[in-house]
Amino acid sequence: MSGIAGWVDFSRNVAQERDAVRAMTATLARRGPDGEDLWLSEHAALGHRRRSVAGDDPAAGPLVFQDGSGPRAAVTYSGQTYNVRELRAQLRSLGHYFETGGDAEAVLHAYLEWGPECVTRIEGVYAFALWDIHRQELLLVRDRMGVKPLHYAVTPGGVLFGSEPKAVLAHPDFSAVVDAEGLRDILSVARVPGHAIFRGMQEVRPGHTVRVTRSGTSERRYWGLEVADHTESLDRTIGTVRDLLETVVAEQMVGDTPPCALLSGGLDSSTLTALEARAARKQGLGPVSSLAVNDHDPAGKTGAQGNDDHLYARVLAEHVGTEHGEISLKDLDLLDPALRASVLAAYDVPLNKGDQYASLHLLFRAAREHAAVAFSGECGDDVFGGYNWNRLPEWISTRTFPWVAEGRDRFRGNASVFEPDLLAKLDLSTYERDCHHAAVAEIAAADHIDDADEARYREVTYLAHTRHSRVLFDRLDRLGMASGLDIRVPFADHRLVEYTFNIPRAMKGFDGREKSLLRAAMKDLLPESVAMRVKTPYPNLRDTAYDRVLRERLAVVVRTPDSPLAPLLSTGLKEEVARSGAAALETGVSRAVLETALQLESWLRTYGVRADL
């Protein structure tokens, strides 16, 4: 994996702006610690941070193709193309010659043969920027599911782009500003594809391309989920799910060393670990390493994480023969200021789940000691229906994002913390309603399905794949890359997502349990205790001392008149904290709101963000 950045400007000679391009590219050093390369021309500059992983693209980037007439196109690429062998074979039959064995070269030649339509022939997880020298136009591309990130900002003369916001922020002509639209995204839970929080910055949407010419920018969708009939029997569906999973896992095991398995002990991670161990034996590779979080203290008492995940992980590891390890996390360690600053530096935007993201950051650091690549079971619940909100009628039927309705109480307290006039301007409830309405309108399930309940189920599945999964992919990518760990997500393979999307609700839960199809497809490879285990949610700290420290820290911020957060805080809160200190935050303010306010303050301060509200 690697990081990409660049700048196109039709009004100036960017070849003379090497320092600016280098500064943008340098921000992505943790994505590509093994080298940096630039390619500059009059109106386009491409940057690439290189990371050496066995089986990944061995060539330095950006790559340039030239023939007898000179250079024709250049590409900077990040990701993995799963069908690269088939793609190369087809291109060779059409007369193309390859000098390297890398994915980027195959993508470059695919463009030269098929133009922008090449994106329909490339399968994998990737983000790339390709400059057509003859046409003088840039093509920005993001993979179908949006597993790999790509941000951009339109400028008067062209566009800035990068794998992460920090690359765009490093350009001297871009200012870090948050307006009402960005603050809505921070304070609400309506994740909108394409939004990037900073004013003037966007994300290339999953399954989309962005074309940049002298005339401006244009966006095109090349892939998306569509409603269709599922005609296969239950037995055939179970068999197809198993076949797809085996194919996907085998494709993503690139190199001579198997990826480390991030093993929670749940059905999803256990499925991938079992399939990986099996594939490793077939391919003659070494043993698979697995890693779990131990949530018990030395005395055996259930820890603040609050479940027995690691015990099930041990059962699975022994069953499939992995080299298993565990890490222990102490609750208040997750409040370490350096750790929280590192999480923010990885993410570039404020978060509302500080304990989860800090614990993941530590887990990924530990995993990197075992391997450069890891498998994560994320997205399995979205694909197979593992959450309460995407399988139980009371949550599916809500007329908003169902995970928001189910978890509403966890986000109470905005009205106590933030200025009433600001909240009135933001009007978060209307924003949430409008975002939900726009999202379900994209799929228009009721136009294709007569049964209203089934149509709503299809809407909720679409929301899971296009909104909820954004959060999952972002945290894996940012926190993984911050630790030098390439985290792969087999459940997010677009072929698996396409196939399962239209499976009726009754078939997905045919035995009355969550993830019925996945259990049935994997029953011969998993221990019964793991296969039949009831899903447990992602662990959250239960230690009251953690919340107490959050309240104390926010009270300090509230009492600081020159804090960048001060203009956004409620006058009533300032008065209450002046009288009662942290006790003023004990009731009515959830952990998520405490985390958000503290992260927002750190973000405004350390990133120098100007609030224009």
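Throughout what follows, the structure given in this document is the object of discussion. Because the structure is predicted, anything quoted here is derived from the model rather than measured.

What follows is about the pattern of salt bridges. Using the criterion set out here, one finds 49 salt bridges in the structure. Residues Glu 203 and Arg 142 are paired through a salt bridge, measuring 3.6 Å at the closest nitrogen-oxygen approach. Note that Glu 203 is positioned in strand E11 (residues 201–203) and Arg 142 in strand E7 (residues 137–142), a separation of 61 residues in sequence. The class of Arg 142 is buried, set by a relative accessible area of 2%. In this structure, a network of salt bridges that share partners links the residues Arg 31, Lys 148, Glu 164, Lys 166, Asp 348, Asp 474, Asp 477 and Arg 478.

As for its placement among the helices and strands, Arg 51 is situated in the loop between strand E3 (44–50) and strand E4 (63–67). Considering only alpha carbons, one finds Arg 51 and Ser 78, 27 residues apart in sequence, at a separation of 9.8 Å.

Tracing the sequence through the fold places Asp 381 in helix H11 (residues 380–384). In contact with Asp 381, other than residues within four places in its own chain, are Asp 268, Gly 386, Tyr 387, Asn 390, Lys 515 and Lys 535.

What follows covers the packing of helix H5 (residues 180–187) against helix H24 (residues 591–606). Interhelical geometry of H5 versus H24 gives an angle of 140 degrees and a closest axis separation of 11 Å. With respect to H24, the axis of H5 lies oblique. Only Thr 596, Leu 600 and Trp 603 of H24 make contact with H5, whose side of the interface consists of Leu 183, Ile 186 and Leu 187. Split by residue class, the contact of H5 with H24 holds five nonpolar, one polar and no charged.

Within helix H18 (residues 494–501), seven of the eight residues are buried, which leaves it mostly tucked inside the rest of the structure. Along H18, the positions that sit buried rather than exposed are His 494, Arg 495, Leu 496, Val 497, Tyr 499, Thr 500 and Phe 501. As for H18, its buried residues are in contact with helix H6 (234–252), H11, helix H16 (428–443), helix H17 (452–482) and helix H19 (505–508).

About the cut-offs
- Residues numbered from 1 in each chain as written.
- Predicted model: local features only at pLDDT ≥ 70, side-chain atom pairs only at ≥ 80, totals over all residues.
- Heavy atoms only, no water.
- Salt bridge = Lys/Arg side-chain N within 4 Å of Asp/Glu carboxyl O.
- Helix = DSSP H or I, 4+ residues; strand = E, 2+ residues; numbered from the N terminus.
- Buried < 20%, exposed > 50% of the residue type's maximum accessible area, 1.4 Å probe, protein only.
- Contact = heavy atoms within 4.5 Å.
- Axes fitted to C-alpha atoms, helices over the stretch in contact; angles between N-to-C directions.
- Parallel < 35°, antiparallel > 145°, perpendicular 65-115°, else oblique.
- Nonpolar A, V, L, I, M, F, W, Y, C, P; charged D, E, K, R; others polar.

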